[in-house]
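Residue-level structure breakdown
Each chain, letter by letter, is given below.
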Amino acid sequence: MMRAPEQVRRTTAAHLRESRCTAEHGRALLVRIDRFWDDLLQPLERLYPDGDPGAVAADLVERATRAYLERTDDLHLLDYKRALTPDWLQQPGQVGYACYADRFAGTLMGLTEKVDYLSELGVTYLHLMPALKPRDGDNDGGYAIADYRTIRPDLGTTDDLRHLATTLRGHGISLVMDLVLNHVAREHEWAERARSGEQRYRDYFHIFPDRTVPDAYERTLPEVFPDFAPGNFTWDEDLQGWVWTTFNEWQWDVNWANPDVLTEYVDIILFLANLGVEVLRLDAIAFTWKRMGTTCQNEPEVHDLTQVLRTVARIAASAVVFKAEAIVGPRDLVPYLGVGRHVGRVSDLAYHNSLMVQIWSMLASQETFLARHALTSLPATPPLGTWITYVRCHDDIGWAIDDRDAGEVGVSGFEHRRFLARWYDGSFPGSWADGMLFQVNEQTGDMRTSGTTASLLGMGGATGERLDTALSRYVLAHAMIYGWGGLPVIWSGDELATPNDPNWADEPGHEDDNRWAHRPRLDWTAAERRHDRRTVEGRAFAALSHLAHVRTSLPQLHAQAPSRVVRDTDNGILAAIREHPSGPMVTVYNVTESWRPFAYAVVAGMGIGSPWNALGDHGIAPGEDGLVWLPPLSAWWIVDRPDGQGVVG
Ligand code: GLC
């Protein structure tokens, strides 16, 4: 049995005596500390070899101990429950929803009244967009935090957040919140104190007296917002220096090479965990470690940092899970779920950015060869690693088509990315889309896309056949994310097929950032139409509820079974096979507007004796040529018919 050093055990024991907690409770903590000591110390040794990693680890354990002792009984109970079901996020009954509290329901208390609406959609996981106090004025949708321990005053109070988390939990919904850990607002206390000259706080940031070092870094750094925040450094008069600002000039990157910064964030994590937050979304995690001569993204230390944070959370609040927000190329993505020494020690959730991009790419091109290749090239994920699958989120779509993947199938990555940006802003001949360009980079030719799912699919204002086709695309895209075997997350408003907000620029601070076009306030009048199947809202809402319902009934969709793409199919078909102890499954999608064939042998080869499309509730049988034909823009989830009787569709 591993053991923490005697000194650490003694300090912990002293805290336990002081707190007068029960012997059983104290023992449980000591077991955790022993169990996780190595997981904590080893990454610290790699991160801070010149410091005193042992002392940092001991200090973090003390912080974890205090948080553990303050954790409420119902949260301790949650810790036990999660320990008994470590795959809870992987179960097919999980469906996610992401929204801004104010744009969805006004306030945190308002949100507690909308829980039934979420339950109707089958939601079990609610990502609340930044709700901590941001800077005044433009704040990047709340991602410029001025105070991590205060709730945005217009949304409510800390007590309201605790109440919301408890209410949600009572309805089987886990609260997910952002942990913005790459930067703070220029108005955050640390930045203020740095500006007033306190060396301790200057050391929390990357500050340079002149352009020498920034220029050297800039040679290999990309720009995140080339349009409204070019460059990665900002001159600050008070600092008399250039401060690292990857995002906007008022978002100051913190210096994770300083262990004091790490300690600050540990306290913030413990604070949020004890309010009842169950999943922490590690915002912009890819950018946290800087290294000269690189893009300063995805450096190996990022995973060590995550391991430290996660381990502390495990000691104090073991139910808490991390989600990596790393919107990076497909090959850099999997390490965020843990590979090598980090397996099972970092984030359990990460965004399947590659699947999202390939879905849009297939819909635009009506071809699947690139997607089949790219999705097959992804390395395997660790057993508890789970993809967040999504069609849209609050951000723009960066066209993460990997040059190597594209090249391997004879496509120019650059040209294809351009095609997608042009298709989705509606300027490519024949496009049905109605999105907008975001952050056109004149130097690299890179361009990204804003727009809601409905607008990107050309649903806004469409009627008759055009609307029907767009709705088929809408259902197809969502069937892909519900049927991939990850945790599907719906971006607020998409369940009602909400089009772009035409007045997005009217709110102060939003005018330069067209991502606000796809962050509409939820239209509750439109939501009232959700049960009327004659309306777009009714058709969209019913489709998503149906997907959630069918998904829940299929143990084959447990996230632990990987989706393996069938390489050799018709070029309009994307098919994936899933092997799970509860039974095999084949998902087949026709991304074109014509009927397309699929080889029945794939289904038979999986041992599915009585194939049945669980989504359309019909049996499947091949023609004499051994083919089955899928209607235009259709989705089939093929499993063995539950009652085992052979049926002909
Ligand atoms: C993440 C957020 C994005 C924000 C950025 C900076 O990528 O999703 O909205 O602009 O981080 O915090």
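Because the structure is a prediction, the values reported are computed rather than measured.

1. Looking at the sheet that holds strand 5 (residues 174-180)
- As summarised here, the arrangement of the eight strands in space is 1-2-5-11-12-13-14-17, forming a closed barrel in which the pairing is parallel. Averaged over all neighbouring strand pairs, the angle between strand axes comes to 25°, with direction disregarded.
- Bridge count for strand 12 (residues 321-324) against strand 13 (residues 349-351) is two bridges, and the pairing is parallel. Looking across to strand 13, one finds that Lys 323 is bridged to Leu 349.
- Taken strand by strand, helix 13 (residues 300-316) contacts strand 11 (279-283) and strand 12, and its axis lies near 155° from that of strand 12.

2. Some words on the packing of helix 20 (residues 464-482) against helix 22 (residues 536-552)
- The N-to-C vectors of helix 20 and helix 22 enclose an angle of 25°; their axes lie 10 Å apart at closest approach. Judged on the interaxial angle alone, helix 22 and helix 20 are roughly parallel. The two elements helix 20 and helix 22 meet at a crossing, and its hand is right-handed. Residue-level inspection shows Leu 467, Asp 468, Leu 471, Tyr 474, Val 475, His 478, Ala 479 and Tyr 482 of helix 20 in contact with helix 22, the latter providing Val 536, Arg 539, Ala 540, Ala 543, Leu 544, Leu 547, Ala 548 and Arg 551.

3. Side note on the packing of aromatic side chains
- Applying the stated rule across the entire model yields 33 aromatic pairs.
- In textbook terms, an aromatic cluster arises when at least three aromatic residues are bridged by ring pairs, as seen for Trp 360, Trp 399, Phe 419, Trp 423, Tyr 424, Phe 428 and Trp 432.
- One residue, Lys 114, lies across the ring of Trp 524, its end atom 4.0 Å from the ring centre.
- In this structure, Arg 310 packs its charged tip against the face of Phe 322, placed 5.9 Å from the ring centre.

Reading the values: the criteria
- Residues numbered from 1 in each chain as written.
- Predicted model: local features only at pLDDT ≥ 70, side-chain atom pairs only at ≥ 80, totals over all residues.
- Heavy atoms only, no water.
- Pairing = 2+ DSSP bridges.
- Helix = DSSP H or I, 4+ residues; strand = E, 2+ residues; numbered from the N terminus.
- Axes fitted to C-alpha atoms, helices over the stretch in contact; angles between N-to-C directions.
- Contact = heavy atoms within 4.5 Å.
- Parallel < 35°, antiparallel > 145°, perpendicular 65-115°, else oblique.
- Left-handed = near helix turned anticlockwise from the far one by under 90°.
- Phe/Tyr/Trp six-rings, centres within 6.5 Å; stacked < 30°, edge-to-face > 60°.
- Lys NZ or Arg CZ within 6 Å of the ring centre and 35° of its normal.

Shape descriptors only; they carry no functional weight alone.
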